[in-house]
Amino acid sequence: GKSGLKQVAELCLQKSHYLAEKLSSISGVSLEFSKPFFKEFVIKSRIPAQEIVDRLAENKIFAGVPLSNYYNNMDNCLLVAVTEKRTKAEMDRFINEIEVIML
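Quick summary incoming for the structure in this document. All of these numbers come straight from a predicted model, not from anything done at the bench.

**Topic: helix 2 (residues 49-57)**
Where helix 2 is concerned, the buried positions are Ala-49, Ile-52, Val-53 and Leu-56. The buried residues of helix 2 all sit within an arc of 100 degrees when viewed along its axis, so they share a single face. Those residues of helix 2 hidden inside the fold are in contact with strand 2 (40-45), strand 3 (65-66), strand 4 (77-81) and helix 3 (88-102).

**Concerning the pattern of salt bridges**
The full count for this structure, using the stated rule, is three salt bridges. For the salt bridge of Arg-55 with Glu-51, the shortest nitrogen-to-oxygen distance reads 3.7 Å. Pair noted here: Arg-55 and Glu-51 are both in helix 2, with a separation of four residues, about one helical turn. In this structure Arg-55 comes out as partly exposed when scored by relative accessible area, which is 33%. With relative accessibility at 33%, the residue Glu-51 sits in the partly exposed group. With a closest N to O distance of 3.1 Å, Arg-86 and Glu-90 form a salt bridge. What makes Glu-90 partly exposed here is its relative accessible area of 38%.

Rules of the game
- Residues numbered from 1 in each chain as written.
- Predicted model: local features only at pLDDT ≥ 70, side-chain atom pairs only at ≥ 80, totals over all residues.
- Heavy atoms only, no water.
- Buried < 20%, exposed > 50% of the residue type's maximum accessible area, 1.4 Å probe, protein only.
- Helix = DSSP H or I, 4+ residues; strand = E, 2+ residues; numbered from the N terminus.
- Arc of directions from axis to C-beta.
- Contact = heavy atoms within 4.5 Å.
- Salt bridge = Lys/Arg side-chain N within 4 Å of Asp/Glu carboxyl O.

Listed below in structure tokens is the structure:
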């Protein structure tokens, strides 16, 4: 119902901002845009986004969408989406995997 929809939206917002904050604190990773966002955001890394996607896929993690597939000059940009279904443990695993890649 009405309150359930609000709760789902709040979870998406909280979880996406948690993940964005943690990812952007990793050396070599930053948020590409400073505008407000709901559940999708773009990170920029010092390595190509496709490399991140490929390496995380080896661990059965869908990292996001490399924006170089759609836009010029965005080779190192990755679109990340977070829904209410993602657990903190899943997000923390994602963060840890990105940290390893950025070493």
